Amino acid sequence: MLIHIERSQHRTTGQVDGPATGKSERSSLHEALWGGLTNLVLRRPLLAVFQVNLRCNSSCGYCNLPLNEGRYEMSREEIRTVFAGLYKDGLRFVFVQGGEPLLRRDLPDILQDLVEIGFRLTLITNGTKLTSCLVQQFDNLSVSLSISLDTLNRNTYERIRGADQLPAVLAGLDLLQRYRRPKFLTCIVSEINRDEVTDVVAFAKQRGFLPVVGAYHWDVGLYGKQDETLMYDRQQARLVFQRLLEEEALPPGYLRQYAKDNVAWLGGETLKPCDAGRYSIAIDASGNVSPCLSLPEAGNLLHSSLSEILEGFDRRAIQHCSDQSSCNRLDGRVIGSILRHPIAAWQTPVTW
């Protein structure tokens, strides 16, 4: 769930299954940042958190996104048109998620379209549907991967995720042993797995993944539902992050800074302003846009321009939520944190 600062990997036009060689159609990171410089100055969005589909094969206790309800999902052509416009508007980074994005059969084609437009992508998945063919396609497209894994215990996994899928996830991780792009293992701290987090982080390191450790959120605006088995005492959860920092279990750079922010947030401290509606936006599979997953939608990109939608954001509600430090969700804070901690961002390794 990161914007990763690294040297670009290139691929030849039209090459999806072959080696990544030759002249690239996609922008280098420096070109991408330069192209979005105006947005940084004007505090306009650079990052889109995009729900590419609204279906999921898990039933996570902490998720209340409106999934599996038969809602409309934009076609590949509509997505290409919408995101070509967003690139012209200065957006440069996309977190592609769901639902479970790998349930969408045309996902590789959509990712290729986004790469050819110029976006840098991070694909967020539960990892249950990875195949060797998909892994090769993602690798050739230089897509960063973030796999969700909260526990190594099969019973605990099913309690958290609502499905007995741990063996499928572990099989998917095996396919990523030689993955050449940044790969993250994201662990969300809750009451029933907080004693296992250090084991998951150690597992990530052994497998060559960068561990991302966040906290379970509930009742943050529209985001996160209450699950009594997952809800934690904030001080107990805070100790998890403190231990990770004390043991230097996390890689240097931004991921360690994110853990420090979680210690502060869980301790009741006020965080710096969040990115919602400023540096980042959320887009669902139907094209609806909101400042973040916690706040109401303000328009649809199939019918309105981004500028028109941004004008419709309730800035007072965004400011109030930020002032209250309502959450420390990484996808709503990553751009601002990188700008505040540029050295930490550059120190974040590609592998660990």
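Scroll up to find the structure this text is about.
First, a word on scope: everything that follows refers to the structure included in this document. Just so it is clear, the structure is predicted and the values come from calculations on it, not from any experiment.

Rules and cut-offs
Residues numbered from 1 in each chain as written. Predicted model: local features only at pLDDT ≥ 70, side-chain atom pairs only at ≥ 80, totals over all residues. Heavy atoms only, no water. Helix = DSSP H or I, 4+ residues; strand = E, 2+ residues; numbered from the N terminus. Buried < 20%, exposed > 50% of the residue type's maximum accessible area, 1.4 Å probe, protein only. Salt bridge = Lys/Arg side-chain N within 4 Å of Asp/Glu carboxyl O. Lys, Arg positive; Asp, Glu negative; His and termini not counted. Contact = heavy atoms within 4.5 Å. Pairing = 2+ DSSP bridges. Axes fitted to C-alpha atoms, helices over the stretch in contact; angles between N-to-C directions.

## Regarding unusual backbone geometry
Residue glycine 99 is bonded to the preceding glycine 98 through a cis peptide linkage, with omega at 15°. Tracing the chain through its elements places glycine 99 in the loop between β2 (93–97) and α4 (107–117). Despite not being glycine, aspartate 219 has its phi angle at roughly 55°, a positive value. As for its position among the elements, aspartate 219 is in the loop between β6 (210–215) and α9 (234–246). Residue aspartate 219 is classed as partly exposed on the basis of its relative accessible area of 46%.

## Topic: the pattern of salt bridges
This model, assessed by the stated rule, comprises 16 salt bridges. Salt-bridge contacts for glutamate 73 lead to arginine 55; the nearest nitrogen and oxygen are separated by 2.9 Å. One end of the pair, glutamate 73, is in the loop between β1 (47–51) and α3 (76–88); the other, arginine 55, is in the loop between β1 and α3, and 18 residues separate them in sequence. On the basis of relative accessibility, which here comes to 31%, the residue arginine 55 falls in the partly exposed class. A salt bridge links aspartate 331 to arginine 329, with the shortest nitrogen-to-oxygen separation between them at 2.5 Å. Here aspartate 331 matches arginine 329 in class, with each residue buried.

## Observations regarding the side chain of arginine 333
Structurally, the position occupied by arginine 333 is in the loop between α12 (315–323) and α13 (334–340). Here arginine 333 sits buried without a salt bridge, and the closest side chain of opposite charge, aspartate 275, lies 6.7 Å off (N-O distance). Apart from the residues within four sequence positions on either side, arginine 333 is in contact with Tyr254, Leu271, Lys272, Pro273, Cys274, Asp275, Ser325, Cys327 and Asn328.

## Describing the sheet that holds strand β4 (residues 144–148)
On the basis of which strands lie adjacent, the open sheet formed by 9 strands has the order β6-β5-β4-β3-β2-β1-β7-β8-β9 and mixed pairing. The sheet is open, and its two borders are formed by β6 and β9 (299–300), each paired with just one other strand. Note that strand β7 (residues 280–283) and strand β8 (residues 288–290) share 2 bridges and pair antiparallel. Along β8, the bridge assignment pairs isoleucine 283 with valine 289. Its contacts with the sheet place α4 against β2 and β3 (120–125), and it is angled at close to 155° to β3.

## Examining the side chain of threonine 156
Along the polypeptide, threonine 156 turns up in helix α6 (residues 154–161). Threonine 156 gets classed as buried once you look at its relative accessible area, which sits at 9%. In this structure, threonine 156 is in contact with Thr151, Ile192 and Glu196, ignoring residues within four places of it in sequence.

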